[in-house]
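What follows is the residue order along each chain.
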Amino acid sequence: MQYIQNLPFILSSTIKRKMKKTLNLLFLLLAVFAISSCSSDDDEKKDSVKEITIYVSSETGESYGFNSTPEECMLVKFDNPNGEWEHLGLYRIEGFTYVKGHEYELRVKMTTLANPLADGYSHKYLLVKIVQDKLVKETEPPTDNSVKSESDIEYQELCPYNKYETEDNYIVDGEGNIYKGNGWPKPSYEHSRIYIENVLDKGDDNWVKFNSIPYQAYRSYVISPLTDDIRMVYNEDDGPLFKDVIPESEFEYITKKMNSGEKLQYFLILANVYKKGLQKLKFTITKQ
């Protein structure tokens with residue numbers, strides 16, 4: 001009789017114990033699932049690292065950063081020396097200092113970031129070693145023996161295209177001083193430059209395409225009125241040096257033999273890194 005009287009209490013205690021065990025088991029399963037999920041998420045978000053070879057050109061290019069401002073950059077090829085040139089910031093490879101005029105072969109650790117910033121890079125680069133560092137002499141102009149006349153110059157797809165401008169008139173006196181067409185003096189013959197400006201409108205349908213590597217003016221073919229030979233010169237950052245476009249022998253002819261008011265007309269056929277033509281520009285030298 002006593003047992004029957006205590007039965008509700010016994011049943012209640014038993015149910016409570018079973019519910020407690022069930023709840024504990026449920027919490028344990030949830031904890032295991034949460035740990036497993038976190039572990040899975042951590043695995044997915046881990047950065048990946050691999051070692052690659054980067055080939056760096058002796059010349060630089062121009063790219064547009066996050067603020068759409070043009071910036072000088074390296075020209076590189078990843079793993080394949082026969083691949084296409086790509087842009088990479090001058091300081092993107094940690095531990096490596098780029099020197100213009102040098103060609104490099106580098107071994108680099110490339111980290112692919114699992115969670116890059118929205119306005120940041122998705123890859124990081126760390127120098128392992130410099131396999132090769134080759135000096136390219138700046139005094140040695142680029143050559144293209146296949147170009148004997150203007151008709152031999154092959155143009156890049158969609159070119160010629162009006163992307164660049166330069167000053168159309170320079171004045172030279174008998175002492176070898178150089179002036180802009182408006183009379184403003186320029187630096188000496190050794191340091192003057194024929195500036196080339198990118199004037200392509202950002203509203204142009206091809207603006208993005210024409211700011212890619214195949215449409216950057218790295219070189220110029222020089223067509224001179226004083227010789228039938230077509231020479232190729234480097235444009236460097238802002239355009240070719242005056243002395244490269246007009247060599248000393250021609251400059252001496254201008255300063256010593258031309259009469260006052262006499263003019264010579266030169267042409268520059270801008271060319272990309274593959275030596276394909278982009279655009280033809282002209283400028284005039286006037287003897288003061």
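Residues numbered from 1 in each chain as written. Predicted model: local features only at pLDDT ≥ 70, side-chain atom pairs only at ≥ 80, totals over all residues. Heavy atoms only, no water.

Pairing is mixed in the open sheet, where 6 strands are placed in the order E9-E8-E14-E13-E11-E12. Edge positions in the sheet fall to strand E9 (178-180) and strand E12 (230-234), since each has one partner strand and no second. Going from strand to strand, the sheet's axes swing by 30° on average, the running direction of each strand aside. Where strand E11 (residues 219-223) lies against E12, 5 bridges are found, and the strand directions are antiparallel. Within E12, the position partnered with Ile223 by the bridge is Ile230. Strands in contact with helix H3 (residues 248-256) are strand E8 (169-172), E9, strand E13 (263-271) and strand E14 (277-287); relative to E13, the strand with the most contacts, it is inclined by about 155°. (Pairing = 2+ DSSP bridges. Helix = DSSP H or I, 4+ residues; strand = E, 2+ residues; numbered from the N terminus. Axes fitted to C-alpha atoms, helices over the stretch in contact; angles between N-to-C directions. Contact = heavy atoms within 4.5 Å.)

Moving on to H3. Of the residues making up H3, those classed as buried are Glu250, Phe251, Ile254 and Thr255. Angularly, the buried residues of H3 cover 130° about the axis, an arc narrow enough to put them on a single face. Among the exposed residues of H3, those pointing more than 90 degrees away from its buried face are Glu248, Ser249 and Lys256. Along its buried surface, H3 packs onto E8, E9, helix H2 (242-245), E13 and E14. (Buried < 20%, exposed > 50% of the residue type's maximum accessible area, 1.4 Å probe, protein only. Arc of directions from axis to C-beta.)

A separate point is the nonpolar core. Of all hydrophobic cores here, the largest spans 29 residues; its most connected members are Phe242, Ile246, Phe283 and Ile285. Counting only elements with at least two residues in this core, the list comes to E8, H2, H3, E13 and E14. Apart from the residues lying within four places of it in its own chain, the contact partners of Phe242 are Tyr170, Ile178, Tyr189, Ser192, Arg193, Ile194, Phe251 and Ile285. Ile54, Val76, Leu90 and Tyr98 belong to the second largest nonpolar core, which has 15 residues in total. (Core = buried A, V, L, I, M, F, W, Y, C linked by side-chain atoms within 4.5 Å.)

The relative placement of two aromatic rings is captured by the distance of their centres and the angle of their planes. On inspection of all chains with the given rule, the structure shows 11 aromatic pairs. Relative to Phe242, the ring of Tyr189 lies with its centre 6.4 Å away and its plane at 80°, an arrangement referred to as edge-to-face. One end of the pair, Tyr189, is in the loop between E9 and strand E10 (196-198); the other, Phe242, is in helix H2, with 53 residues separating them in the sequence. Residues Tyr189 and Phe242 agree in their burial class; the two are buried. Taken together, Tyr170, Tyr189, Phe242, Phe251, Tyr266 and Phe283 form an aromatic cluster joined through their ring pairs. Over the ring of Tyr121 we find Arg92; its NZ or CZ atom is 3.6 Å from the centre of that ring. Above the ring of Phe267, the side-chain terminus of Lys280 is found at 4.5 Å from the ring centroid. (Phe/Tyr/Trp six-rings, centres within 6.5 Å; stacked < 30°, edge-to-face > 60°. Lys NZ or Arg CZ within 6 Å of the ring centre and 35° of its normal.)

Once that is clear, we can look at the pattern of salt bridges. Scanning the model with the defined rule gives 5 salt bridges in all. In this structure, Glu59 and Arg219 form a salt bridge, with 3.3 Å as the shortest nitrogen-oxygen distance. Of this pair, Glu59 sits in strand E1 (residues 48-64) while Arg219 is found in strand E11, placing the two residues 160 residues apart along the sequence. Arg219 shares its class with Glu59; the two are buried. Between Glu150 and Lys280 there is a salt bridge, with its nearest N and O atoms 2.9 Å apart. Residue Glu150 is located in the loop between strand E6 (123-135) and strand E7 (164-166), and its partner Lys280 is located in strand E14; the two are separated by 130 residues in the primary sequence. Lys280 sits in the partly exposed class, given a relative accessible area of 35%. (Salt bridge = Lys/Arg side-chain N within 4 Å of Asp/Glu carboxyl O.)

Let us now look at the side chain of His102. Looking at the element boundaries, His102 is found in strand E5 (residues 102-112). Owing to a relative accessible area of 17%, His102 belongs among the buried residues under this scheme. At a separation of 2.8 Å, a polar atom in the side chain of His102 contacts the side chain of Asp133. Other than its neighbours up to four places away in sequence, His102 contacts Val56, Ser57, Ser58, Asp133, Lys134 and Leu135. (Polar contact = N/O pair within 3.5 Å; in protein donor to acceptor, adjacent residues only side chain to side chain.)

Along the polypeptide, Tyr98 turns up in the loop between strand E4 (93-94) and E5. Tyr98 gets classed as buried once you look at its relative accessible area, which sits at 13%. Dropping the residues within four chain positions of it, Tyr98 is found in contact with Val56, Ser57, Ser58, Glu59, Thr60, Met74, Leu90 and Tyr104. Within the structure, Tyr98 has its side chain in polar contact with the backbone oxygen of Ser57 (distance 3.0 Å). A polar atom in the side chain of Tyr98 sits 3.1 Å from the backbone oxygen of Ser58.

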